[in-house]
Structure formats: structure tokens, C-alpha cells
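# Fold and geometry: a report
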Amino acid sequence: MAKTLTIRIRSLDEALEGFRETYKAVAARRPVTRREGVYFTSLEAARNLLTPRRLALLRAVRTRRPRSIYELAMIVGRDLKNVQNDLRTLEHYGLVRMSRGRSAGKREVKMPQAMFGEIALRIAI
């Protein structure tokens, strides 16, 4: 079964309340439980992360398993630099992981790996 990343949309007030609770727990030296998932305060912010081009990258990484960023750029038909920038963003949010590998010519390369098989969106109302 593929792992699912849950993206949650919460109001700014809810996000600040969560920060307050965490801050109080740290100040009181109580253990803080890590919340899984990615949080945004608006649907537009989530859309800025999950653009059609980035979703295409995620799908290609998951299904084609490219052995380098260059190979991924060739698969999706995009400029290498733009693919690198998108991968940095996806890595920052934990959607991909970059591992080191070797190309056929023994050159060291970065290999993108998909961390999730699906993405779920939850919106608090």
C-alpha cells in the first residue's frame, strides 16, 4: 500500500494556535509530538506548491524511477534547471528525497525518489 501525504488547509488562527501550543510545551520542557503532513493557510498556497508541472514530476519520479535529474528532465521534456528548481521545492516539503547514485560513466548523480504514492487534501471549514 502506497504512503499518503496529507495536505491540510487551516485558517491562520488555527495555525497560530498550534504554534502557541507547541511553544508552551517546549517552554515547559514537555515532549512535543510531531504532526505529520504539510499545512497551508489557504488553498491558493497549496496550489502554488502542487502545480501541474510539479505533479507531472512527481508522477514521473514515481512511475519511471529516473536514475538522475537529467534523465527526469528528458522524460518530462523540460529544461534541466527548471526541473532542479522544482525538485528543490518538492524536497523542501518532503515530497521527494534526493539520493546519491552513479551514472553509467561512474559519475556521481542525484537520483530523485518519490516519498508518497498519493496526496490527500483536507480542508477545515
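Presented here is a report on the structure given in the accompanying data block.

### Here's the deal with unusual backbone geometry
- One non-glycine residue with positive phi stands out, namely Arg29, at about 60 degrees.
- Within the secondary structure, Arg29 is located in the loop between helix 1 (12-27) and strand 2 (38-40).
- When its relative accessible area of 78% is taken as the criterion, Arg29 is described as exposed.
- Even without glycine at this site, Arg65 takes up a positive phi of about 50 degrees.
- Along the chain, Arg65 turns up in the loop between helix 3 (52-64) and helix 4 (69-76).

### Quick notes on the packing of aromatic side chains
- Counted by the stated rule, this structure contains one aromatic pair.
- Aromatic pair Phe40 and Tyr93: ring centres 5.7 Å apart, planes at 35 degrees, arrangement tilted. Here Phe40 is found in strand 2, whereas its partner Tyr93 is found in the loop between helix 5 (80-92) and strand 3 (96-102), with 53 residues between them in sequence.
- Classification of Phe40 as buried rests on a relative accessible area of 10%.
- What makes Tyr93 partly exposed here is its relative accessible area of 31%.

### Observations regarding the packing of helix 3 against helix 4
- Two elements in contact, helix 3 and helix 4, have axes separated by 10 Å at closest approach and are oriented at 115 degrees. With respect to their mutual orientation, helix 3 and helix 4 come out roughly perpendicular. Every pair of crossing elements has a handedness; the one defined by helix 3 and helix 4 is right-handed. Of the residues in helix 4, those touching helix 3 at Ala56, Leu57, Ala60, Val61 and Arg64 are Leu72, Ile75 and Val76.

Criteria and thresholds
Residues numbered from 1 in each chain as written. Predicted model: local features only at pLDDT ≥ 70, side-chain atom pairs only at ≥ 80, totals over all residues. Heavy atoms only, no water. Helix = DSSP H or I, 4+ residues; strand = E, 2+ residues; numbered from the N terminus. Buried < 20%, exposed > 50% of the residue type's maximum accessible area, 1.4 Å probe, protein only. Phe/Tyr/Trp six-rings, centres within 6.5 Å; stacked < 30°, edge-to-face > 60°. Axes fitted to C-alpha atoms, helices over the stretch in contact; angles between N-to-C directions. Parallel < 35°, antiparallel > 145°, perpendicular 65-115°, else oblique. Left-handed = near helix turned anticlockwise from the far one by under 90°. Contact = heavy atoms within 4.5 Å.

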